[in-house]
Amino acid sequence: MNIFDWLKQNIDFQECDSTALMYDYMESQSNELLPIIYQPFDIDNLSHWRDRGYILDFHYSVGEGNILDFGPGDGWPSLMIAPFTNRITGVEASNTRVEVCRINAARLGIQNVEFVHVKPGDKLPFENNFFDGITAASSIEQTPDPFATLSELYRVLKPGGKLRMYYESLAGYRDGREKEMVSWQTKDSKFRIDIYNRIIDREETEIYSLEFDLLSDDITTLFRDTTDAEDIPDDLLKKLNNITRSIDNPCKARLVQPDCRTWLEWMGKIGFSGCLPTRNGGILAELMFNTYKGENRPTNLDQLDELLIPFIAEIIKIKEPVLSNPMITAIK
């Protein structure tokens, strides 16, 4: 017996979506690591360059009009592209995330942005052909029905408008992380164990969530050992059976996480006139960080933008092989 068979046989899970499972619980989806939103921009920090590259990528992909950011989390990329655009509307399935985004916008003094709560899977509260462009960063695949969500985004996008999306493909987990356990503390001081079963060939992920009032090293070790085991040894199986009464709020979510080929196929069925998998500004910025060193390195954010923008404006037009699961620009 493996851990997933044991969970199905011994725990009465409540079916839920990823919003109820994860995003309502997080005080910060990014652990407050985002540059500018949470931390001063550090010109000598590789991750800050990478982040800026993605921001410029999103902006130059979708333009500067009336923009929808689907699933902004802590306000990313919406708060960062707001200075480049006329108006940003962030749509979030989590009330917690909406409140976090609003707090961050107020603290940063950003006024041309609005954050709206829409329940997972619900229709977007906007007319047809409403937005000039749409950004989506690892968010569409978090919804109950990604194909339906993509169709909704198509509906509210103006003809000629562009959707620029970043997504998490399961192909990146073909390294032994198909099955994984993560433990963390929730905002109400409970401890969570999330166990992931990534079924790569089906482009699906099962997430099993268990809560405990107190999390001991013994429990985390037990679940880590059983997650890694193809067949749970009898001694570990006995320990698992002994802790079932101490488990609170067991929830299970299922995600559909397509790779690039599936996204492109869906976009064609929905009616997008053009779909281009491309290189992205985040990776380019990372490469340039390693190139521009010492006296050649920009000294502030304005200089960095001046360096990056001409290159990013071009590389987002360069086609990338679908097997690398690159970012996608879809045109209505």
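Just above, that's the structure.
Bear in mind that the values here come from a model prediction, so they are computed numbers and not experimental data.

**Student:** Help me understand the overall build of the protein in this model?
**Tutor:** Scanning the protein for helices and strands turns up eleven helices and twelve strands. Taken over the C-alpha trace, the protein has a radius of gyration of 21 Å; the compact-globule value for 332 residues is 20 Å, and the two agree within 12%. A burial count over the protein gives 52% of its 332 residues as buried. Restricting to contacts in the protein with at least 6 residues of sequence separation, those with at least 24 account for 74%. Total accessible area computed for the protein in this model is approximately 15600 Å², and 47% of it derives from carbon and sulfur atoms. Taking the 35 positively charged and 53 negatively charged side chains of the protein as two groups, their mean positions are separated by 4 Å.

**Student:** Sorry if this is basic, but what is going on with the layout of surface pockets here?
**Tutor:** A water-sized probe, rolled over the atoms, reveals where empty space remains. Looking at the largest pocket, its volume works out to about 1200 Å³. Looking at the largest pocket, it is lined by 42 residues, and the ones nearest its centre are Tyr-23, Gln-29, Ser-30, Ala-137 and Ser-138. Mapped by element, the contributors of at least two residues to the lining of the largest pocket are helix H2 (18-23), helix H3 (46-62), strand E7 (179-185), strand E8 (191-199) and strand E9 (204-212). Broken down by element, the residue count for the lining of the largest pocket peaks at six residues, all from H3. Each residue belonging to the lining of the largest pocket can be placed in one class, and the counts come to 19 nonpolar, 14 polar and nine charged. Together, 28 residues line the second largest pocket, and Phe-70, Ala-93, Ser-139, Gln-142 and Thr-143 are the ones closest to its centre. At the level of elements, H2, strand E3 (87-92) and helix H6 (146-156) are the ones that each hand at least two residues to the lining of the second largest pocket. When the residues that make up the lining of the second largest pocket are grouped by side-chain class, the tally is ten nonpolar, eleven polar and seven charged.

**Student:** Which parts of the structure should I look at to understand the packing of H3 against helix H11 (residues 301-315)?
**Tutor:** Two measures define how a pair of helices packs: the angle their axes make with one another and the distance between the axes. At a minimum axis distance of 10 Å, the contact between H3 and H11 shows a crossing angle of 55 degrees. Taken together, the axes of H3 and H11 are oblique relative to one another. The element H3 and its partner H11 pack so that their crossing is right-handed. Between H3 and H11, the residues in contact are Trp-49, Arg-52, Gly-53, Leu-56, Asp-57 and Tyr-60 and Leu-301, Leu-304, Asp-305, Leu-307, Leu-308, Ile-309, Ile-312 and Ala-313, respectively. When grouped by side-chain class, the residues that make up the contact of H3 with H11 number ten nonpolar, one polar and three charged.

**Student:** Got a minute to help me understand the side chain of Thr-227 in this structure?
**Tutor:** Structurally, the position occupied by Thr-227 is in helix H7 (residues 217-228). Residue class for Thr-227 comes out buried when judged on its relative accessible area of 4%. A polar atom in the side chain of Thr-227 sits 2.6 Å from the backbone oxygen of Phe-223.

**Student:** I keep staring at the side chain of Asn-197 and nothing clicks. Help me out?
**Tutor:** One can find Asn-197 in strand E8. The contact partners of Asn-197, leaving out residues within four places of it in the chain, are Phe-4, Glu-178, Lys-179, Glu-204, Thr-205 and Glu-206.

**Student:** Help me out: how do you make sense of the packing of aromatic side chains in this one?
**Tutor:** Aromatic ring pairs are defined here through the distance separating the ring centres and the angle between the ring planes. The tally for this structure, following the rule as stated, stands at 13 aromatic pairs. Look at Phe-126 and Phe-130: their rings are 5.8 Å apart centre to centre, the planes differ by 20 degrees, and that puts the pair in the stacked class. We classify Phe-130 as partly exposed; its relative accessible area is 34%. Here Phe-130 and Phe-131 contribute two aromatic rings whose centre-to-centre distance is 4.9 Å and whose plane-to-plane angle is 80 degrees, an arrangement assigned as edge-to-face. Phe-131 gets classed as buried once you look at its relative accessible area, which sits at 0%. Put simply, the rings of Phe-147, Tyr-167, Trp-263 and Trp-266 pair up and form one aromatic cluster. The ring of Tyr-25 is capped by Arg-192, whose NZ or CZ atom sits 5.0 Å from the centre of that ring. Taking the ring centre of Phe-289 as reference, the NZ or CZ of Arg-297 above it sits at 4.0 Å.

**Student:** Help me understand the nonpolar core, please; the structure alone is not making it clear to me.
**Tutor:** As a rule of thumb, soluble globular proteins bury nonpolar side chains together. Membership of the largest hydrophobic core comes to 27 residues, with the highest contact counts inside it found for Leu-68, Leu-150, Leu-163 and Met-165. Of all elements in the fold, only strand E2 (66-70), strand E5 (131-137), H6, strand E6 (157-166), helix H9 (260-270) and strand E12 (327-331) reach the threshold of two or more residues within this core. For this core, the element with the most residues is H9, which contributes five residues. Listed in part, the 21 residues of the second largest apolar core include Leu-34, Ile-37, Phe-58 and Val-113.

**Student:** When you look at helix H1 (residues 3-10) in this model, what are you seeing that I'm missing?
**Tutor:** Because an α-helix packs 3.6 residues into every turn, residues spaced three or four apart end up facing the same way. Within H1, burial applies to Ile-3, Phe-4, Trp-6 and Leu-7. What you see down the axis of H1 is that its buried residues fit within an arc of 160 degrees, all on one side. Among the residues of H1, the N-terminal cap falls to Asn-2, whose side-chain oxygen and the backbone nitrogen of Phe-4 are separated by 3.0 Å.

**Student:** Sorry if this is basic, but what is going on with the sheet that holds E12 here?
**Tutor:** Strand pairing within a sheet occurs via backbone hydrogen bonds; the two strands may be parallel or antiparallel. Taken in spatial order, the seven strands make up an open sheet running E4-E3-E2-E5-E6-E12-E11, and their pairing is mixed. Every other strand in the sheet has two partners, leaving strand E4 (113-117) and strand E11 (274-278) as the edge strands with one partner each. Recorded for the sheet is a direction-independent mean angle of 20 degrees between the axes of neighbouring strands. Direction of pairing for E11 relative to E12: antiparallel, over a ladder of five bridges. Within E12, the position partnered with Cys-275 by the bridge is Ala-330. Against the sheet, H6 contacts E2, E5 and E6, and its axis sits at roughly 140 degrees relative to E6. Contacts from H9 reach E6, E11 and E12, with the element oriented near 5 degrees to E12.

Parameters at a glance
Residues numbered from 1 in each chain as written. Predicted model: local features only at pLDDT ≥ 70, side-chain atom pairs only at ≥ 80, totals over all residues. Heavy atoms only, no water. Helix = DSSP H or I, 4+ residues; strand = E, 2+ residues; numbered from the N terminus. Rg over C-alpha atoms; globule rule 2.2 N^0.38 Å. Buried < 20%, exposed > 50% of the residue type's maximum accessible area, 1.4 Å probe, protein only. Contact = heavy atoms within 4.5 Å. Areas by Shrake-Rupley, 256 points an atom, 1.4 Å probe, with all protein chains shown as cover. Lys, Arg positive; Asp, Glu negative; His and termini not counted. Charge placed at Lys NZ, Arg CZ, Asp CG, Glu CD. 1 Å grid on protein atoms, 1.4 Å probe; cavity = no way out; pocket = protein on both sides within 12 Å on 5 of 7 lines; lining within 4 Å. Points joined across faces, edges and corners; volume = space filled by probe spheres on them. Nonpolar A, V, L, I, M, F, W, Y, C, P; charged D, E, K, R; others polar. Axes fitted to C-alpha atoms, helices over the stretch in contact; angles between N-to-C directions. Parallel < 35°, antiparallel > 145°, perpendicular 65-115°, else oblique. Left-handed = near helix turned anticlockwise from the far one by under 90°. Polar contact = N/O pair within 3.5 Å; in protein donor to acceptor, adjacent residues only side chain to side chain. Phe/Tyr/Trp six-rings, centres within 6.5 Å; stacked < 30°, edge-to-face > 60°. Lys NZ or Arg CZ within 6 Å of the ring centre and 35° of its normal. Core = buried A, V, L, I, M, F, W, Y, C linked by side-chain atoms within 4.5 Å. Arc of directions from axis to C-beta. Pairing = 2+ DSSP bridges.

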